[in-house]
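# Structural description and commentary
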Amino acid sequence: MNDAFQRRMAEAARLMRSGSLAQATAAIQQALGAAPAVVEPGARGAPVGGGGDVIDVEARVVPEPGARPAAPAAGPAAAAESFTSGHYRDEAGGRDYKLFVPAGAGVGRPLVVMLHGCTQDPDDFARGTRMNALARARGFLVLYPSQSQRASAQRCWNWFKHNHQARGKGEPAILAGMVGDIAARHGVDPDRVFVAGLSAGGAMAAILGDAYPDVFAAVGVHSGLPAGAATDVQTAFAAMGGGAPAPRRSPRRSATPPTIVFHGDADTTVNVVNAERVLAAAGVSARADVQRGARHSRRIWVDAQGAERAEQWTIHGAGHAWSGGDRAGSYTDPGGPDASAEMLRFFLAHPRR
């Protein structure tokens, strides 16, 4: 790694700590232009074993989330489909992940971030949602961050803790940093980065949309809760049961990204009242019934100016499960409408700019 790259990245780190994010981004972009490679030869980012299917990337400094990435280096492996394991770490902490990259070279592809629910892991969630099959057909990347048992015995994202609910703190900071790192290394279109999750993952997706509207163009919340719904375990159970008051939406400079919500009206784990609370927290105020099916109702929500901002899917008779999912994964309801396909349709219709 050359001296110019190291000097610029050290300066970028100093600027980020001081809060000068725009200057830090410029320094990082200069550094990336000067650096021949992101991972040094022989570093821990090299493939493990003969199959090359485990990648461990440890990022010490990452670009400001939302910055346009530099084009990745071309290579013979760029055209091969892969579903690889990795690890991301920065000053906020670290988490494992799995990343699906469809076959075919090129930059400017969308990225969908999928946050699993409690007791699940990336492989289970990928099987249950079948998001990789959609990615293979439509040519986008899928990132599955993995919650650690050290952070949560049941592998739940810590959506209900006050130190994991804001920009620059805890798990939201780790996840946004991970997304920025993956986006930069794979040439992702920064205007088409989306996040979705189930249950605790859905609640964390809502937090990410709230905290990082400059990173995530749209949000999908399945059987989840709104940002700020709880601050500890006791209030978490009250919110899940529908008994807690709806969280107040604090003033902010940027609007919450467009949001699509799926929820079963027979969910005994997270009460269906949380679906409308997610949308209320996202700032939408009016709705119109659009479609009713044998097992679902679909509504379009608009903002004060009448622009479409959200969709709400209520799955009749469904419990705490991913609608239209595959039985090969946990917490799935194969008989419902396909939440993965509908979320993808919604996402691609709502790029950030």
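Structure first, text after, so check above.
The following refers to the structure shown.

Conventions used here
- Residues numbered from 1 in each chain as written.
- Predicted model: local features only at pLDDT ≥ 70, side-chain atom pairs only at ≥ 80, totals over all residues.
- Heavy atoms only, no water.
- Helix = DSSP H or I, 4+ residues; strand = E, 2+ residues; numbered from the N terminus.
- Buried < 20%, exposed > 50% of the residue type's maximum accessible area, 1.4 Å probe, protein only.
- Contact = heavy atoms within 4.5 Å.
- Areas by Shrake-Rupley, 256 points an atom, 1.4 Å probe, with all protein chains shown as cover.
- Core = buried A, V, L, I, M, F, W, Y, C linked by side-chain atoms within 4.5 Å.
- Disulfide = S-S within 2.5 Å.
- Salt bridge = Lys/Arg side-chain N within 4 Å of Asp/Glu carboxyl O.
- Axes fitted to C-alpha atoms, helices over the stretch in contact; angles between N-to-C directions.
- Parallel < 35°, antiparallel > 145°, perpendicular 65-115°, else oblique.
- Nonpolar A, V, L, I, M, F, W, Y, C, P; charged D, E, K, R; others polar.
- Phe/Tyr/Trp six-rings, centres within 6.5 Å; stacked < 30°, edge-to-face > 60°.
- Lys NZ or Arg CZ within 6 Å of the ring centre and 35° of its normal.
- Polar contact = N/O pair within 3.5 Å; in protein donor to acceptor, adjacent residues only side chain to side chain.
- Arc of directions from axis to C-beta.

Check the secondary structure of the protein chain and you find nine helices and 12 strands. Residues counted as buried form 51% of the 353 residues belonging to the protein chain. At a minimum sequence separation of 6, the contacts of the protein chain that also span at least 24 residues come to 67%. Surface exposure of the protein chain reaches about 15,300 Å², of which carbon and sulfur atoms provide 52%.

This part is about the side chain of N274. Counting through the fold element by element, N274 comes out in helix α8 (residues 273-281). The contacts of N274, once residues within four sequence positions are left out, are G224, L225, P226, A239, M240 and H263.

Let us look at the nonpolar core. Core analysis: the biggest nonpolar cluster contains 52 residues, and L111, L115, L143, W159 and F216 have the highest contact counts within it. Core analysis: the second largest hydrophobic core is formed by 26 residues, A135, A196, A217 and L344 among them.

As enumerated under the stated definition, the model contains one disulfide in all. Two residues share a disulfide in this structure: C118 and C156, whose sulfurs sit 2.0 Å from each other. Taking the torsion about the S-S bond as the criterion, the C118 to C156 disulfide, at about 130°, is right-handed. Here C118, found in the loop between β3 (109-115) and α3 (122-129), pairs with C156, found in the loop between β4 (141-146) and α5 (170-186); they are 38 residues apart in sequence, far enough to count as distant. Classification of C156 as buried rests on a relative accessible area of 13%.

Applying the stated rule across the entire model yields 13 salt bridges. The closest approach of N and O atoms between E276 and R299, which form a salt bridge, is 3.6 Å. Of this pair, E276 sits in helix α8 while R299 is found in strand β9 (residues 296-302), placing the two residues 23 residues apart along the sequence. For E276, a relative accessible area of 32% puts it in the partly exposed group. With a relative accessible area of 19%, R299 lands in the buried category. Of the charged contacts in the structure, one is a salt bridge between R298 and E311, with a shortest N-O distance of 3.2 Å. Taken together, the residues span a long stretch of sequence, with R298 in strand β9 and E311 in strand β10 (residues 308-315) at a distance of 13 residues.

Interaxial distance between α5 and helix α6 (residues 200-211) falls to 10 Å at its minimum, and their mutual angle equals 75°. Between α5 and α6, the angle is such that the two are roughly perpendicular. The segment α5 lies against α6, with E171, P172 and L175 engaging M204, I207 and L208. Its residues assigned to classes, the contact of α5 with α6 shows five nonpolar, no polar and one charged.

Turning next to unusual backbone geometry. We note that R155 has phi near 60°; this positive angle belongs to a residue other than glycine. As for its placement among the helices and strands, R155 is situated in the loop between β4 and α5. Its identity as a non-glycine residue notwithstanding, S223 has a phi of 55°, on the positive side. Relative to the helices and strands, S223 is located in the loop between β6 (218-222) and α7 (233-240).

All chains considered together, the criterion is met by six aromatic pairs. Lying over the aromatic face of F83, K98 brings its terminal NZ or CZ to 4.3 Å of the ring centre.

Our focus in this paragraph is the environment of G117. You can see G117 is positioned in the loop between β3 and α3. In this structure G117 comes out as buried when scored by relative accessible area, which is 2%. Separated by 84 residues in the primary sequence, G117 and G201 place their C-alpha atoms 5.0 Å from one another. Here G117 is in contact with R155, L198 and G201, once residues within four sequence places are set aside.

What follows deals with the environment of R192. Tracing the chain through its elements places R192 in strand β5 (residues 188-198). For R192, a relative accessible area of 25% corresponds to the partly exposed category. In this structure, the C-alpha to C-alpha distance between R192 and A217, residues 25 residues apart in sequence, is 6.0 Å. Among the polar contacts made by the side chain of R192, one reaches the side chain of D189 at a distance of 2.9 Å.

For the rest of this paragraph, the subject is helix α4 (residues 131-138). Burial in α4 covers these residues: M131, N132 and A135. All buried residues of α4 project into a common sector of 100° when viewed along the axis, lining one side. Residues of α4 that are buried in the fold lie against β1 (82-90), β2 (93-101), β3, α3, β4 and α9 (339-348). Looking one or two places after α4, you find G139, whose phi comes out positive at around 80°.

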